[in-house]
Amino acid sequence: MSVITNIEDLRVLAQRRVPRMFYDYADSGSWTESTYRANESDFAKIKLRQRVAVNMEGRSTATTMIGQRVAMPVAIAPTGLTGMQHADGEMLAARAAEKFGVPFTLSTMSICSIEDVAAATSAPFWFQLYVMRDRDFIERLIDRAKAAKCSALMLTLDLQILGQRHKDLKNGLSAPPKPTLANLINLATKPRWCLGMLGTPRRSFGNIVGHAKGVGDLSSLSAWTAEQFDPALSWADVEWIKKRWGGKLVLKGIMDAEDAKLAANSGADALIVSNHGGRQLDGAPSSIEALPAIADAVGSQIEVWMDGGIRSGQDVLKARALGARGTLIGRAFLYGLGAMGEAGVTKALEIIHKELDLTMAFCGHTQIDTVDRGILLPGTAPG
């Protein structure tokens, strides 16, 4: 593909280059995938007001997210198995984000470890935490994030139990992956990916294997993860983690105004309106549909961000107009990573930034911090 103009171009290229089981892991939702699809399609229903004869000079998309200066109101979301989209994927994505001036968030379920990413970057990154039954392991994870000088902890609240994703079951995605004939044949068609994986020692869950009790290799990991996600997670655990961490705390997975109020009262610095990319509760509303009510309920008490379905700079602008101080991209950067490694992540960020900058100008604004609901055509936006 000689000319890449949008995120869809990167998606097509990633689908060609990444083995099916790992591409499908990133690009799928739970059950019927209705929420996964709505996350993206609901953005298209929102229409913008074009303004003319306004001075478009001196534009800036720069702002802050929890006090951190960012080149645009976008951060890279935590995504599991990022290092299986491309060898050393988390390290490459973190480097691209640092150079561009946006935050990178490392997942607990990453392939590259906290220490790997800290060694590959110089700017502080964020760390995403899942709460496991093994609280000693959680404490040590938090300590490792502190030692790596992570500048924020992102606590994911919507994965107490794992949603059923049909494509993963059909592809035999497990730890370690099942070497079925179909999977082996598919791998044979991805020589670039295979060579990259042969060239790196990072092919496991770097934050877990060798760190959690009884998990010395991939063969013991599957049973450990199946029993470790904690269905008893409560707001008392949030309070305990906030005290244990002691730094900036972001709560991810809020989809209801009542939960948003509890998040604001918890003392967290930001919440993320997120349905886990449509990978947990199928039939839940899209993130952009849920955003306005949550922003109205708590926007003055806590920073409200959102993720889910963002594939363009226009989507970022619409989210900002509906009350999101910041946004996160998951699949958009994964497509770039799978397509072209670090250069692909940079390309994804460049595409989103240019679309955001141009659309903001066409809507009569030169500063992202002045954007509000007035840029949207009445009657086309939720709330």
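Treat the numbers as computed from the prediction; the structure is a model and nothing was measured.

Enquirer: If you had to explain the pairing of strand 8 (residues 270-273) to someone new, which residues and values would you point to?
Expert: Taking every second residue as pointing to the same face, both faces of strand 8 are buried, with A270 and I272 on one and L271 and V273 on the other. In the sheet, strand 7 (residues 249-254) pairs with strand 8 via four bridges, with the strands oriented parallel. Residue pairing in the sheet places V250 in a bridge with A270 of strand 8. After leaving strand 7, the chain enters helix 12 (residues 257-265) and then returns to the sheet as strand 8, a path that is right-handed. Summarising the sheet, strand 8 and strand 9 (residues 303-307) pair through four bridges and their orientation is parallel. Its bridge partner being in strand 9, I272 is matched across the sheet by W305. After leaving strand 8, the chain enters helix 13 (residues 287-298) and then returns to the sheet as strand 9, a path that is right-handed.

Enquirer: So what's going on with the environment of T366? Residues and values would help.
Expert: Structurally, T366 is set in the segment after helix 16 (342-362). By relative accessible area, T366 is classed as partly exposed at 21%. Considered as a pair, T366 and Q164 are 202 residues apart in the sequence and their alpha carbons are 44 Å apart. Residues contacting T366, with those up to four places away along its chain left out, are N55, M56, E57, G58, R59, S60 and M360.

Enquirer: Any details on the side chain of T63? Residues and values, ideally.
Expert: The residue T63 is located in strand 1 (residues 63-65) in this model. Within the structure, the side chain of T63 is placed 3.0 Å from the side chain of R325, a separation counted as a polar contact. At 2.7 Å, the side chain of T63 forms a polar contact with the side chain of D369. The contact partners of T63, leaving out residues within four places of it in the chain, are Q68, R69, V70, M72, P73, R320, R325, I368 and D369.

Enquirer: Could you give me a rundown of the environment of I288, with the residues and numbers involved?
Expert: Considering the arrangement of structural elements, one finds I288 in helix 13. Once the C-alpha coordinates of I288 and L322 are considered, the two residues, 34 residues apart in sequence, prove to be 8.2 Å apart. In this view, I288 contacts D42, F43, I46, M306, A319, L322 and P382; residues no more than four positions away in its chain are not counted.

Enquirer: So what about the packing of helix 14 (residues 313-321) against helix 16? Which residues, and what values?
Expert: Between helix 14 and helix 16, the least distance of the axes is 7 Å, while the angle of their chain directions is 55°. When the axis of helix 14 is compared with that of helix 16, the two are oblique. Judged by the sense of rotation from one axis to the other, the crossing of helix 14 with helix 16 is right-handed. Where helix 14 approaches helix 16, its residues G313, Q314, V316 and L317 are matched on the opposing element by I352, E355, L356, T359 and M360. Considered class by class, the residues forming the contact of helix 14 with helix 16 number five nonpolar, three polar and one charged.

Enquirer: Please set out the packing of helix 4 (residues 89-100) against helix 16 residue by residue, giving values where relevant.
Expert: Look at helix 4 against helix 16: their axes get within 8 Å of each other, and the N-to-C directions meet at 40°. With respect to each other, helix 4 and helix 16 are oriented oblique. The crossing of helix 4 and helix 16 is right-handed. For the pair helix 4 and helix 16, the contacting residues are L92, A93, R95, A96, A97, K99 and F100 in the first and E342, V345, T346, L349, E350 and H353 in the second. Across the contact of helix 4 with helix 16, the residue classes break down as seven nonpolar, two polar and four charged.

Enquirer: Kindly report on the packing of aromatic side chains, identifying the contributing residues and their values.
Expert: For the structure on display, the rule yields four aromatic pairs. Aromatic pair Y130 and F229: ring centres 5.4 Å apart, planes at 85°, arrangement edge-to-face. With a gap of 99 residues between them, Y130 in the loop between strand 5 (126-129) and helix 6 (135-147) and F229 in the loop between helix 10 (218-228) and helix 11 (235-245) connect regions that are remote in the sequence. Residues F137 and W224 carry aromatic rings whose centres are separated by 5.3 Å and whose planes lie at 85° to one another, so their mutual orientation is edge-to-face. A residue pair is termed long-range when its members are at least 10 positions apart, and F137 in helix 6 and W224 in helix 10 qualify at 87 residues. W224 matches F137 in its accessibility class, with the two residues each being buried. Above the face of the Y25 ring, R279 is positioned so that its terminal group lies 4.6 Å from the ring centre.

Thresholds, definitions, all that
Think of each chain on its own: its residues are numbered from 1, step by step along the sequence as written. It should be noted that, the model being predicted, local features are given only for residues of pLDDT at least 70 and side-chain atom pairs only at 80 or more, the latter also being counted only at that level, while totals for whole chains, interfaces and linings use all residues. By convention in this description, side-chain values take in all heavy atoms of the structure and omit both hydrogens and water. Here the term buried applies to any residue with accessible area under 20% of the maximum for its type, exposed to any over 50%, and partly exposed to those in between, with areas from a 1.4 Å probe on protein chains only. Every helix listed is a DSSP run of H or I at least four residues long, and every strand listed is a run of E at least two residues long, numbered separately from the N terminus. Pairing between strands is defined by DSSP: at least two bridges between them are needed. Handedness is read with the strands pointing away from the viewer; a crossover is right-handed when the path from the first strand over the helix to the second is clockwise. We call two residues contacting when some pair of their heavy atoms lies within 4.5 Å. Any pair of nitrogen or oxygen atoms within 3.5 Å is treated as a polar contact; in protein, a donor-acceptor pairing is required on top of that, and neighbouring residues in sequence qualify only through side-chain atoms on both sides. For every element, the axis is a line fit to its C-alpha atoms; helices are fit only across the contacting stretch, and the angle between N-to-C directions ranges from 0 to 180 degrees. Note that the term roughly parallel is reserved for angles under 35 degrees, roughly antiparallel for angles over 145, roughly perpendicular for angles of 65 to 115, and oblique for everything else. Crossing handedness: left-handed means the near helix sits turned counterclockwise from the far one by under a right angle, and right-handed means the same turn made clockwise. Note on residue categories: nonpolar means Ala, Val, Leu, Ile, Met, Phe, Trp, Tyr, Cys or Pro, charged means Asp, Glu, Lys or Arg, and polar means any other residue, Gly included. Classification of ring pairs uses Phe, Tyr and Trp, with its six-membered ring standing for Trp, and accepts pairs whose centres are within 6.5 Å; under 30 degrees between planes counts as stacked, over 60 as edge-to-face, and the remaining range as tilted. Either the NZ atom of lysine or the CZ atom of arginine qualifies as a charge over a ring when it sits within 6 Å of the ring centre and within 35 degrees of the ring normal.

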